[in-house]
Amino acid sequence: MSPIAVDRLGAGRDVDTSEPPPGVTIATHQLTTADGAKVEGVLHTLDGATAVVTVMHPRQSLTHHPMIPEFLRAGVSVWTQGTRSPNNDIALVHEQALLDAAAGHVLLRDLGFETVLTFGHSGGGTLSAFYIEQAASEPERRLDVTPAGRPVPLPGTRMPMPDGAIFLAPHPGQGQVLRHCIDPSVIDETDPMSVDPALDMYSARNGFAAPPEPSRYSADFLAAYRAAQAERIARIDARALAAADEVARMRARFSRSKDPADRRAALAPRILTTYRTDADPAYVDLSIEPNDRHYGSLFGRRPDLINYGLVGFGRLTTPDSWLSTWSANHTRADFVRCAPRVTVPTLYLEFSGDQAARPASGARMVAALGAGDLTHHVVRGQHFGQPVAEGEPTGYAAAAVHVGHWLAERFGTAAPHGKR
């Protein structure tokens with residue numbers, strides 16, 4: 001299947017990416033991170049552009065992100081950065097993703113770009129904020145271990161600071177997202193069908209209505225539900241910490257014994273399976289933090305079914321990846337935690353119909369940013385840029401207008417041939 005781009009009117013259209021647009025040279029670069037991992041990215045070099053936007057997400061390849069042509073039209077080059085495990089986050093450790101991001105920033109500075117800007121969409125927003133927070137820190141004050149206790153060489157890594165940051169529909173971090181959508185009615189982590197009826201949001205007795213009718217949950221149910229979600233995450237945290245501690249003991253034993261059996265024990269994966277993570281009451285009760293969002297979750301219009309399927313956040317993880325990425329209690333990749341160190345000029349764009357970053361969390365995230373030069377707009381669109389209503393422009397097209405103005409005013413960019 002050919003990739004899909006989005007035109008200015010918001011209609012999907014197949015595009016041929018084998019030939020770059022006029023004035024743009026496309027090249028793939030393979031990089032080695034500070035800890036020896038191999039990553040790669042694609043650089044779209046716009047003739048005459050001295051500024052470049054780096055596009056990255058911790059869990060997904062963004063090589064064909066719909067904002068790429070919008071940035072090129074705005075007069076900047078674009079670097080799409082890959083991680084060491086794109087589209088497979090079973091072992092995603094955010095601290096390692098920072099090393100991946102750093103390799104890209106080093107490349108762009110070494111290539112001579114005068115201005116480097118970060119662009120973070122969805123989970124890429126928190127990754128971008130986390131990178132800036134660590135890059136802004138004195139090397140000796142940077143993180144040197146993951147939440148599971150594994151060493152990570154951020155203090156000795158070259159981490160160039162960007163000159164500005166663009167956030168598009170950032171969510172507050174994978175841990176915070178999961179905190180709101182994990183199903184607290186699971187009573188047996190080994191049984192995907194186990195249910196506590198009193199905490200089942202997909203039960204009519206608790207306020208659920210057959211789709212597509214909106215559900216309505218009482219304040220008492222929601223309070224008990226949110227408390228139980230926090231309790232389930234804490235239980236999984238305990239399992240992850242115990243498994244991480246076991247791995248650390250095996251590593252220490254091998255360092256003393258040099259016995260291959262101890263090495264095997266240290267390498268053996270302790271995989272956590274987390275069932276049912278598409279269960280935020282706000283998906284089906286649109287009176288909870290109302291905005292322009294549609295009924296359903298990020299994964300589809302039937303979260304009551306998706307919740308029981310294979311697709312979902314944090315479904316399979318190592319203990320290290322759970323603690324680094326999905327645990328609201330242990331992850332450092334938390335937008336609000338990182339945002340005070342984001343002091344570079346910042347453009348924050350949120351979508352009015354976002355399912356993942358609703359108004360209350362968006363307000364907290366904006367308020368936490370440390371930038372003195374902060375521009376904030378709400379544009380119509382859904383989390384992945386779909387139009388809110390049929391016939392409207394996409395969210396990406398609406399966002400591009402603000403992006404173009406912001407870039408031109410602060411960084412002197414000019415669209416090719418002087419026009420958009």
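In what follows, the structure referred to is the one given above.
Residues numbered from 1 in each chain as written. Predicted model: local features only at pLDDT ≥ 70, side-chain atom pairs only at ≥ 80, totals over all residues. Heavy atoms only, no water.

**Some remarks on helix H10 (residues 359-368)**
Within the sequence span of H10, burial applies to Ser361, Gly362, Met365, Val366 and Ala368. Seen end-on, H10 carries its buried residues on one side only, within an arc spanning 165°. Lining the buried residues of H10 we find helix H9 (335-338), strand S11 (346-353) and strand S12 (374-382). (Buried < 20%, exposed > 50% of the residue type's maximum accessible area, 1.4 Å probe, protein only. Helix = DSSP H or I, 4+ residues; strand = E, 2+ residues; numbered from the N terminus. Arc of directions from axis to C-beta. Contact = heavy atoms within 4.5 Å.)

**As for the packing of helix H2 (residues 94-110) against helix H3 (residues 123-135)**
The N-to-C vectors of H2 and H3 enclose an angle of 75°; their axes lie 10 Å apart at closest approach. In terms of orientation, H2 and H3 fall into the roughly perpendicular class. From H2, His94, Glu95, Ala97, Leu98, Ala101, Ala102 and His105 reach across to H3, where they touch Leu127, Phe130, Tyr131 and Gln134. Residue classes in the contact of H2 with H3 are distributed as seven nonpolar, three polar and one charged. (Axes fitted to C-alpha atoms, helices over the stretch in contact; angles between N-to-C directions. Parallel < 35°, antiparallel > 145°, perpendicular 65-115°, else oblique. Nonpolar A, V, L, I, M, F, W, Y, C, P; charged D, E, K, R; others polar.)

**As for the state of the cysteines**
All chains considered together, the criterion is met by zero disulfides. There is no disulfide at Cys181, and the cysteine sulfur nearest it, in Cys338, is 20 Å away. (Disulfide = S-S within 2.5 Å.)

**Side note on the sheet that holds strand S3 (residues 24-32)**
Spatial ordering of the open sheet is given by S3-S4-S6-S5-S7-S8-S11-S12, a layout of eight strands whose pairing is mixed. Among the strands making up the open sheet, the edge pair consists of S3 and S12. Adjacent strand axes in the sheet meet at a mean angle of 20° when their direction is disregarded. Where strand S5 (residues 51-56) and strand S7 (residues 115-121) come together, five bridges link them in parallel fashion. Within the sheet, the bridge partner assigned to Ala51 lies in S7 and is Thr115. Of the strands in this sheet, S3, strand S4 (38-46), S5, strand S6 (77-81), S7 and strand S8 (164-168) touch helix H1 (residues 67-74), which is tilted by about 150° from S6. Seen against the sheet, H3 touches S5, S7 and S8 and runs at an angle of roughly 140° to S7. (Pairing = 2+ DSSP bridges.)

Everything listed is a geometric property; what it means functionally is a separate question.
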